[in-house]
Amino acid sequence: MPFRYADIPESRTKQYYAIGRHIWKMHKELGHDYLVRLQDESVEMMYPEIKERLNMTIRSAREIIEGKLSPEKTLTYMLFPPVVTQRGDLTQGSMKLLYGESCDLTFIVIDDNKEGEIFFILNGHAEDGIPVDWWLEKPDSELLDRRHQKLGYKLREIPSRIKNLTKCGIRIIEILKDVRNERTPQWNLASYHISMVWGTGMSNQLFERSSWDGFAELWDGVNAKRLGLPDYWFCYVPWPLMVKTLFDMPRRSWTLRITGLFLGHKFYIQGLEDIAIDWIKENFPEVFEIGVKQQIQEEGIPLPWQTLGCVSPNLNDPDVYKNEAFDFKYPKPEKFLKPTDLDMSLEDILKGVYLDITHETKEKISKDHIISQGIGRETTYLK
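Draft legend 1. The arrangement of the side chain of D112 in detail. Note on placement: D112 falls in the loop between β3 (102–110) and β4 (118–127). At 8.7 Å, R12 is the nearest oppositely charged side chain to D112, a buried residue that forms no salt bridge. At a separation of 2.5 Å, a polar atom in the side chain of D112 contacts the side chain of T13. A distance of 2.8 Å separates a polar atom in the side chain of D112 from a polar atom in the side chain of T200. Discounting residues that sit within four places of it in the chain, D112 has contacts with S11, T13, Q39, W198, G199 and T200.

And the structure:
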């Protein structure tokens, strides 16, 4: 029997399931308690997964600069945030445009289920638009027990004490600027931003395979208040000016502009590292079946033109929650891309596939559209 919206306990982010199409689907199939256990136990997989992803990003950026990789055919994960992808030849210019010459950005991931305590912290640093360093603090880190000098609150408890994400972020950055200056004093003049992220929002992003939908879903989370929700699902504090300008655009315009900046409008099917695949299969096989296998093989992956025409649920309509009408409406025909269209297996798709198609591509997609497979230093070029 499927689980209902009413089965989700009341919390500050219960309403946000309506704009998280992946976590909503998994809740309906597996239930809230199952997803809480998934999040809690994912800590053991989190560090090696992030380590592999971000070290790959930094090494790949270095090898692109050295001419060892083909920049226009190589994709890497962004440093800010590490859940969407960028093309090697567009990375430096785009990152400098959005974040400036020297920047630290710290992601504060908040636990939806523990009254808003911090789940973990991930910091990244970019110089001249190039990712160069990162660090991670897990839930048991002593850093999270560091107290705010004026308020006396522990760092880990600030989101539970201050409900507004922007005001909360201002207080957190007062602590973390000191931490940055202690750990990396050579960058004490770099700009500093933090991103407040609810764990449900992060989880939803991690299950997204479409590079275009990945960027579009960032818009949904940032513009949650515009969609009818009480606060951001994720936000920056303070806002980088150019980032804020882009997010102020309509969903379609944002998606078109940001995919142009980072992907040249081409389409990348985002893969998943073996570390994550093996851990999920062993510990939460139902999640792999529903969140990965069904999504790719049975439902398919929306194409760029379908993402641009997608309409989010109207959360200002009271009947949307009453009827659980949380569907994202894609334009007809709703025939999404599947592995069979590319003569590929599920395992092939999960390595990542870069395709020579854009939002203007309407013809049937085939293996002839494949530019490369893989990510970063592990890319195989097919064109």
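Draft legend 2. Inspection of the packing of aromatic side chains at higher detail. For the structure shown, the criterion picks out 20 aromatic pairs. Each ring, one from Y99 and one from Y236, has its centre 6.2 Å from the other, and the planes form 75°; the classification is edge-to-face. Taken together, the positions of Y99 in helix α4 (residues 91–99) and Y236 in strand β7 (residues 234–237) put the pair 137 residues apart, joining distant regions of the chain. Judged by centre distance (6.1 Å) and plane angle (15°), the rings of F215 and F262 are stacked. Within this pair, whereas F215 is found in helix α8 (residues 211–222), its partner F262 is found in helix α10 (residues 251–263), the two being separated by 47 residues in sequence.

Draft legend 3. Expanded view of the sheet that holds β4. In space, the five strands of this open sheet follow the order β5-β4-β3-β6-β7, with mixed pairing throughout. Each end of this open sheet is capped by a strand with a single partner; those strands are β5 (130–137) and β7. Within this sheet the neighbouring strands show an average axis-to-axis angle of 20°, counted without direction. The pairing of β3 with β4 spans nine bridges and is antiparallel. Counted as the bridge partner of L105 is G124 from β4.

Draft legend 4. Representation of the environment of Y34 within the structure. Assignment of secondary structure puts Y34 in helix α2 (residues 32–41). Once the C-alpha coordinates of Y34 and E137 are considered, the two residues, 103 residues apart in sequence, prove to be 25 Å apart. Every residue in contact with Y34, bar those within four places of it in the chain, is listed here: F284, P285, E286 and V287.

Draft legend 5. Quick look at the nonpolar core. Residues L155, I172, M196 and L342 are the most contacted members of the largest nonpolar core, which totals 123 residues. Tallying contributions element by element places helix α6 (residues 165–183) first for this core, with seven residues. Residues within four places of M196 in sequence aside, it is in contact with I108, I110, P159, L165, C168, G169, I172, W233, F234, C235 and V237.

Procedures and definitions
Residues numbered from 1 in each chain as written. Predicted model: local features only at pLDDT ≥ 70, side-chain atom pairs only at ≥ 80, totals over all residues. Heavy atoms only, no water. Helix = DSSP H or I, 4+ residues; strand = E, 2+ residues; numbered from the N terminus. Buried < 20%, exposed > 50% of the residue type's maximum accessible area, 1.4 Å probe, protein only. Lys, Arg positive; Asp, Glu negative; His and termini not counted. Salt bridge = Lys/Arg side-chain N within 4 Å of Asp/Glu carboxyl O. Polar contact = N/O pair within 3.5 Å; in protein donor to acceptor, adjacent residues only side chain to side chain. Contact = heavy atoms within 4.5 Å. Phe/Tyr/Trp six-rings, centres within 6.5 Å; stacked < 30°, edge-to-face > 60°. Pairing = 2+ DSSP bridges. Axes fitted to C-alpha atoms, helices over the stretch in contact; angles between N-to-C directions. Core = buried A, V, L, I, M, F, W, Y, C linked by side-chain atoms within 4.5 Å.

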